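# Examination of the molecular architecture
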Amino acid sequence: MNFKLALAGAAFALSASAQAQTAWDLPAAYPATNFHSVNLASFASDVDKATGGKLKITVHPGASLFKAPEIKRAVQGGQAQAGEVLLANFQNEWQVFGVDGIPFLATSYADSKKLYAAQKPILEKKLAEQGMVLLYAVAWPPQGLYSKKPVASAADLKGSKWRAYSPATSRIAELVGAQPVTVQAAELSQALATGVVENNMTSGATGVDSKLYEHLKYYYDVQAWLPKNAIIANKKAFDALDKATRDGLMKAAADAEARGWAASEKVNTDTLATLKANGMAVEPPSAALKADLQKVGATMLQEWLSKAGPEGQQLIDAYRK
């Protein structure tokens, strides 16, 4: 009898501990070695500590659970409790998602933080309407131009195969007369190796991750924009946590945000040095190329404002104050 009671007690203790512990899956699109993914791993570890083991987050990097364009929908629909998304990828759904993909609007870390501060309140409101919560966001390093051939002005890009990964990058291609080819980060190396892509605008970090120096010879540090990755959670899953667990999660998120921005700045410096060390010509853009790209940026800002309406204008006004 006592043995049975002991068994029953052990079973009860196990079930109580199972109820007390919550497991979340967090899909991400970038390699485990990418600074965003490294930061996510630290975030998951911090959440474990901050919640006393009550919330355990498993990070799935490298698009291993869901591909980049599928992650937002997976979180929204509850297939994953949290996920990492590149906000600019969803501009067609809501213009404000793509504000940090407008070329030459915010070109430094200081400006990017200012733009994020203006965007954050309406971003949080929109995500709440869609059944999600913003945990934190971190900018990529400034986007530069990679090319197989030298680029002295936008005319040199005409007719070339341009890798696009968002509505904004497709539009840049159209405005400079290049041919946009949609390729996600995970497939970029292969696309370059097979000649599907000849040039590409992305960060030094992605350049190193994808070993772009094996296929492309030139990197122009045009500092076009700093797009952000956002870590989002399903609102029902978030609301189901007790207050202490939610507080621990948000504290870990705030720490991850601060750590991520600092890591991004360091990665920018380090990765440009790595590109150079691997034989890539790392150069500032010519005056003509810079002027051409600034014209593209001005056109795209006007197009964005016409679609984003008063909400977009208020955001830009708040940013420019």
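Residues numbered from 1 in each chain as written. Predicted model: local features only at pLDDT ≥ 70, side-chain atom pairs only at ≥ 80, totals over all residues. Heavy atoms only, no water.

### Re the sheet that holds strand β4 (residues 132–139)
Which entries qualify depends on this criterion: DSSP bridges decide pairing: two strands pair if at least two such bridges lie between them. Helix and strand assignments follow DSSP, with helices taken as H or I runs no shorter than four residues and strands as E runs no shorter than two, numbered in order from the N terminus. An axis is simply a line fitted to the C-alpha atoms; with a helix, the fit covers only the stretch in contact. Between two such axes, the angle follows the N-to-C directions and lies from 0 to 180 degrees. Any two residues having at least one pair of non-hydrogen atoms within 4.5 Å are treated as being in contact.
The 3 strands are arranged β3-β10-β4 in an open sheet whose pairing can be described as antiparallel. Either end of the sheet is taken by a strand with one partner, and the two such strands are β3 (82–86) and β4. Neighbour-to-neighbour, the strand axes of this sheet turn through a mean angle of 25°, independent of strand direction. Alignment of β4 against strand β10 (residues 228–234), held across 7 bridges, turns out to be antiparallel. What sits directly across from leucine 134, in β10, is isoleucine 232. Its contacts with the sheet place helix α2 (residues 35–50) against β3, β4 and β10, and it is angled at close to 130° to β4. Running at roughly 160° to β4, helix α4 (residues 109–129) makes contact with β4 and β10 of the sheet.

### Brief notes about the packing of aromatic side chains
We count it as follows: Ring geometry is summarised as follows: Phe, Tyr and Trp rings, the Trp one being its six-membered ring, pair when their centres sit within 6.5 Å, and such pairs are stacked at plane angles under 30 degrees, edge-to-face over 60 and tilted between the two. A simple rule labels every residue: compare its accessible area, found with a 1.4 Å probe on the protein chains alone, to the largest value its type can have, and call it buried under 20%, exposed over 50%, or partly exposed in between. Two limits define a charge over a ring: the Lys NZ or Arg CZ must be within 6 Å of the ring centre, and within 35 degrees of the ring normal.
In total, this model carries 7 aromatic pairs according to the counting rule given. Between tyrosine 30 and tryptophan 140, the ring centres sit 4.8 Å apart and the planes meet at 70°, which makes this aromatic pair edge-to-face. With a gap of 110 residues between them, tyrosine 30 in the loop between β1 (22–27) and α2 and tryptophan 140 in the loop between β4 and β5 (143–147) connect regions that are remote in the sequence. Overall, the relative accessible area of 9% leaves tyrosine 30 in the buried class. With relative accessibility at 3%, the residue tryptophan 140 sits in the buried group. Put simply, the rings of Tyr30, Phe35 and Trp140 pair up and form one aromatic cluster. Across the ring face of phenylalanine 90, the terminal group of lysine 72 is positioned such that the distance to the ring centre comes to 5.7 Å. Lying over the aromatic face of tyrosine 319, lysine 114 brings its terminal NZ or CZ to 5.6 Å of the ring centre.

### Side note on the pattern of salt bridges
What counts is decided by this rule: Here, a salt bridge means any Lys or Arg side-chain nitrogen found within 4 Å of an Asp or Glu carboxyl oxygen.
By the definition in use, this model includes 12 salt bridges. Notably, a salt bridge pairs lysine 228 with aspartate 100, separated by 2.7 Å at the nearest N-O pair. Here lysine 228 is found in strand β10, whereas its partner aspartate 100 is found in the loop between β3 and α4, with 128 residues between them in sequence. The class for lysine 228 is buried, based on a relative accessible area of 0%. Between glutamate 174 and arginine 171 there is a salt bridge, and its shortest N-O distance comes to 3.0 Å. One end of the pair is glutamate 174 and the other is arginine 171, both in helix α5 (residues 167–176) and 3 residues apart, which spans about a single turn. By relative accessible area, glutamate 174 is classed as partly exposed at 46%.

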